[in-house]
Amino acid sequence: MDSMFILTILIVIGALAFDFINGFHDTANAIATSVSTKALKPRHAIILAAVMNFLGAISFTGVAKTISKDIVDPFTLENGSLVILAALIAAIFWNLLTWYYGIPSSSSHAIIGSIAGAAIAAAGFTSLNYEGFLKILQALIFSPILAFAAGYLVYSIFKIAFKNLNLTKTNRNFRLFQIGTAALQAYTHGTNDAQKAMGIITMALIANNYQTSDDIQTWVQISCALAMGIGTSVGGWKIIKTVGGKIMKIRPVNGVAADLTGAMIIFGATYIHLPVSTTHVISSSILGVGASHRIKGVKWGTAQRMLITWVITLPISALIAAISYYVLDLFF
């Protein structure tokens, strides 16, 4: 059995593990608000999120193609297998570390930074596809800003539209409506996040000459969708507590506004084939809604900690991936 085949198998296993971890790491994105408002019991929320994540994952492939070719060119990537494996090791390590401490960091930032860092370690800065890489960075930077602004606007509209309604009755109705918005958000999460692992596996297949196009094979799509769905079913309670309660006190109307905003921004990115951080989009949506509701009601200390993680994830994951590449290069 040659080393290329072994590396490919390790990458597939690693990518599915990353997708599984991404599932339980990012479960909070889709269900934290609905659990916080008691619209859904935690067990029911997780089952709903797992099913909708799976359905979203098998619906699209555009983001996967962007990941597979816009950061580096898999057809010309030097030591492509080692680069991809090092990137997966770094991204998985960072995801587990931030999950352990309950920090809603971005799996997207982690894997994109890791691919870039490992590629630079292998072949220098010229290995990056700067046009595609900068396009991805712009999406990662601007999507949370858009989510904050949209969350502020959506909740402002809600305040005007429902100002004369009975608060108790409104909360009850919105709690029911929130089941649908949680499902929608979980679906859009699957359309974007699960595709990152699909793109990584496709990169490996191209780099090792197992396929000659950037098409996403059916078995890749289904296996990644299953990995994310199963990962989601495990849950990520530490991050759920942060997103669902430590940013602001969430009521059903707040949750619906945040869910709709997050789903809109994420699906918009999926539609134009751009990977975004679902963690940061949804957290920013909640921040925007909270600022519109009552600025003093937002726990800005938590927001500051999330912002710091947002900034440091790319460079730290790139550094970890570069170190991982040098270590792997000693053994392969």
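About the thresholds
- Residues numbered from 1 in each chain as written.
- Predicted model: local features only at pLDDT ≥ 70, side-chain atom pairs only at ≥ 80, totals over all residues.
- Heavy atoms only, no water.
- Helix = DSSP H or I, 4+ residues; strand = E, 2+ residues; numbered from the N terminus.
- Rg over C-alpha atoms; globule rule 2.2 N^0.38 Å.
- Salt bridge = Lys/Arg side-chain N within 4 Å of Asp/Glu carboxyl O.
- Buried < 20%, exposed > 50% of the residue type's maximum accessible area, 1.4 Å probe, protein only.
- Phe/Tyr/Trp six-rings, centres within 6.5 Å; stacked < 30°, edge-to-face > 60°.
- Axes fitted to C-alpha atoms, helices over the stretch in contact; angles between N-to-C directions.
- Parallel < 35°, antiparallel > 145°, perpendicular 65-115°, else oblique.
- Left-handed = near helix turned anticlockwise from the far one by under 90°.
- Contact = heavy atoms within 4.5 Å.
- Nonpolar A, V, L, I, M, F, W, Y, C, P; charged D, E, K, R; others polar.

A. Layout of the overall build of the protein chain. Looking only at helices and strands, one finds 13 helices and zero strands in the protein chain. In the protein chain, the succession of α and β elements from N to C terminus is α-α-α-α-α-α-α-α-α-α-α-α-α. By the compact-globule yardstick of 20 Å for 332 residues, the protein chain fits well, its C-alpha radius of gyration being 19 Å. Dimensions of the protein chain, computed from the C-alpha atoms along their principal axes, are close to 70 × 35 × 35 Å.

B. Structural context of the pattern of salt bridges. With the rule as written, the count across this model stands at four salt bridges. With a closest N to O distance of 3.1 Å, Asp-70 and Lys-135 form a salt bridge. Within this pair, whereas Asp-70 is found in the loop between helix 4 (62–69) and helix 5 (80–100), its partner Lys-135 is found in helix 7 (residues 130–161), the two being separated by 65 residues in sequence. Take Lys-135: its relative accessible area is 37%, and that puts it in the partly exposed class.

C. The packing of aromatic side chains, seen in detail. Under the counting rule described, the total for this entry stands at five aromatic pairs. Seen in terms of ring centroids, Phe-158 and Phe-174 are 5.7 Å apart; in terms of plane orientation they differ by 45 degrees. Their pairing is tilted. Here Phe-174 lies in helix 8 (residues 167–207) and Phe-158 lies in helix 7, a separation of 16 residues in the sequence. A relative accessible area of 14% places Phe-158 in the buried class. A centroid spacing of 5.1 Å and a plane angle of 85 degrees characterise the contact between Phe-162 and Phe-174, whose relative ring orientation is edge-to-face. With Phe-162 in the loop between helix 7 and helix 8 and Phe-174 in helix 8, this pair connects stretches of sequence that are 12 residues apart. Judged by its relative accessible area of 30%, Phe-162 is partly exposed. Accessibility expressed as a relative area gives 8% for Phe-174, which makes it buried. Taken together, Phe-158, Phe-162 and Phe-174 form an aromatic cluster joined through their ring pairs.

D. Region of the structure containing unusual backbone geometry. Here the phi dihedral of Asn-209 falls at roughly 65 degrees; this positive angle occurs in a residue that is not glycine. With a relative accessible area of 66%, Asn-209 lands in the exposed category.

E. Inspection of the packing of helix 6 (residues 107–123) against helix 7 at higher detail. Packing of helix 6 against helix 7 leaves a shortest axis separation of 12 Å and a crossing angle of 160 degrees. Taken as axis vectors, helix 6 and helix 7 run roughly antiparallel relative to one another. The way helix 6 lies across helix 7 gives a crossing that is left-handed. Contacts from Ser-108, His-109, Ile-112 and Ala-116 of helix 6 reach helix 7 at Phe-133, Ile-136 and Leu-140. Within the contact of helix 6 with helix 7, the residues separate by chemical class into five nonpolar, two polar and no charged.

In short, shape yes, function no, at least from these values alone.
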